[in-house]
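# Survey of secondary and tertiary structure
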Amino acid sequence: MISASEAMQAALNEARQAGEAGEVPIGAVIVFEGAIVARGQNSVLRNLDPTAHAEMVAMRAAAQVLGNYRLNGCTLYVTLEPCAMCAGAMIHARLERLVFAAADPKAGACGSVLAVLNHPKLNHQMWVEQGIAADEAAELLRNFFRDRRQEAR
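We now turn to the structure provided with this report. Computed from a predicted model, the values in this text were never measured in an experiment. (Residues numbered from 1 in each chain as written. Predicted model: local features only at pLDDT ≥ 70, side-chain atom pairs only at ≥ 80, totals over all residues. Heavy atoms only, no water.)

## Focus on the pairing of strand E3 (residues 74–80)
With 7 of 7 residues buried, E3 lies mostly within the body of the structure. Bridge count for strand E1 (residues 27–32) against E3 is 5 bridges, and the pairing is antiparallel. Note that in E3 the partner of phenylalanine 32 across the bridge is cysteine 74. Pairing geometry for E3 and strand E4 (residues 97–102), over 5 bridges, is parallel. Within E4, the residue paired with threonine 75 across the bridge is arginine 97. (Buried < 20%, exposed > 50% of the residue type's maximum accessible area, 1.4 Å probe, protein only. Helix = DSSP H or I, 4+ residues; strand = E, 2+ residues; numbered from the N terminus. Pairing = 2+ DSSP bridges.)

In structure tokens, the structure reads:
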């Protein structure tokens, strides 16, 4: 049985791998019945796919593993607050729970900029928790963008 902290560390490992590949370092894992069933990392540049956010990659993988596009009973752990696209997909997938590390004040759709999840007019609600390993996730992103700015000079 994996703990929330261990799951977020696994997501952070995915984020580090994405960063090493030149992607924005965001990672995600999906837990079902106490075990990680899918992993994802940003791969928009590598796949030339604007939808290849860590959350989307992980949800696609989980759907394949579980044999269902409905991810009932699953928890998504991600290192950054999901955007509107990812939040919408999470609703359609019927995730039970979202846990994200750092808030995204520029594009976060789970309360920072928009509140897509748990909108009272939508037909699916999920538990949302934030803050596990937030400092570590934010530092990973800060370092990545600092390094990119330095390389551009």
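Next comes the rest of the write-up.
## Remarks on the packing of helix H3 (residues 54–66) against helix H4 (residues 84–93)
Where H3 contacts H4, the axes come no closer than 9 Å and their chain directions differ by 25 degrees. The orientation of H3 relative to H4 falls into the category roughly parallel. With respect to the hand of their crossing, H3 and H4 are arranged in left-handed fashion. Along the contact surface, H3 presents Glu55, Met56 and Met59, while H4 presents Met85, Cys86, Ala89, Met90 and Ala93. Of the residues belonging to the contact of H3 with H4, the class tally is 7 nonpolar, no polar and 1 charged. (Axes fitted to C-alpha atoms, helices over the stretch in contact; angles between N-to-C directions. Parallel < 35°, antiparallel > 145°, perpendicular 65-115°, else oblique. Left-handed = near helix turned anticlockwise from the far one by under 90°. Contact = heavy atoms within 4.5 Å. Nonpolar A, V, L, I, M, F, W, Y, C, P; charged D, E, K, R; others polar.)

## Quick notes on the environment of cysteine 110
On the secondary structure map, cysteine 110 appears in the loop between E4 and strand E5 (127–130). Here cysteine 110 falls in the buried class, since its relative accessible area comes to 16%. For the pair cysteine 110 and methionine 85, spaced 25 residues apart in the sequence, the C-alpha separation amounts to 11 Å. Look past the residues within four positions of cysteine 110 in its chain and what remains in contact with it is Glu81, Pro82, Leu98, Phe100 and Leu117.

## Some details on the pattern of salt bridges
Tallied over the entire structure, the rule returns 6 salt bridges. Across the salt bridge formed by arginine 46 and glutamate 23, the nearest N and O atoms sit 3.2 Å from each other. Here glutamate 23 lies in the loop between helix H1 (4–20) and E1 and arginine 46 lies in helix H2 (residues 44–47), a separation of 23 residues in the sequence. In this structure, arginine 142 engages glutamate 139 in a salt bridge whose closest nitrogen and oxygen atoms are separated by 2.9 Å. (Salt bridge = Lys/Arg side-chain N within 4 Å of Asp/Glu carboxyl O.)

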